[in-house]
Amino acid sequence: MKYLVLSALFAIGLHNAFASDDLPVAPEEIIKEHTQMCLDWATEDDIDAQSQYQYVLDCVNDELSDNGYQHVQQVNIK
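Attention in this report is confined to the structure presented alongside it. What you see is a predicted model, and the numbers here were worked out from it, not measured in a lab.

What follows is about the environment of Ala 26. Tracing the backbone through its elements, the reader meets Ala 26 in the loop between helix H1 (2–19) and helix H2 (28–44). For Ala 26, a relative accessible area of 8% corresponds to the buried category. Considering only alpha carbons, one finds Ala 26 and His 71, 45 residues apart in sequence, at a separation of 8.5 Å. Aside from chain neighbours lying at most four places away, what touches Ala 26 is Ile 31, Leu 64 and Tyr 69.

So, in structure tokens, the structure goes:
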């Protein structure tokens, strides 16, 4: 039973990894807009400086997914 569950999770993860390659890459301007919006949210949510980058990266990728774009590996929060 444990192997069945692990196999299913692996298959889902593998599918998601390849499915994102079919999505278009977001224009740089959209990434910048989402980054700024997520930075604003991080400030509103009192996210500490140490956690801010990961918060913004996750937020940007959530927004990109919602809009049908590929995830990014990094964001510029300077």
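So, next bit.
Counting 13 residues, the largest nonpolar core has Val 56, Val 60, Leu 64, Val 72 and Val 75 as the members making the most contacts within it. Looking at this core, the elements with two or more residues in it are H2 and helix H3 (49–66). With 5 residues, H3 is the single largest residue contributor to this core. Contact partners of Val 56, with chain neighbours within four places excluded, come to Thr 35, Cys 38, Leu 39, Ala 42, Val 75 and Ile 77.

What follows is about H3. Counted at 1.5 Å a residue, the expected span for H3 with its 18 residues is 26 Å, and the 26 Å between its end C-alpha atoms agrees. Residues of H3 that are buried: Val 56, Leu 57, Cys 59, Val 60, Asn 61, Glu 63 and Leu 64. The backbone nitrogen of Gln 50 lies 3.1 Å from a side-chain oxygen of the residue at the head of H3, namely Asp 48. Gly 68 occupies a position one or two residues after H3 and carries a positive phi of about 80 degrees.

Scoring rules and cut-offs
Residues numbered from 1 in each chain as written. Predicted model: local features only at pLDDT ≥ 70, side-chain atom pairs only at ≥ 80, totals over all residues. Heavy atoms only, no water. Helix = DSSP H or I, 4+ residues; strand = E, 2+ residues; numbered from the N terminus. Buried < 20%, exposed > 50% of the residue type's maximum accessible area, 1.4 Å probe, protein only. Contact = heavy atoms within 4.5 Å. Core = buried A, V, L, I, M, F, W, Y, C linked by side-chain atoms within 4.5 Å. Expected span 1.5 Å × (residues − 1). Polar contact = N/O pair within 3.5 Å; in protein donor to acceptor, adjacent residues only side chain to side chain.

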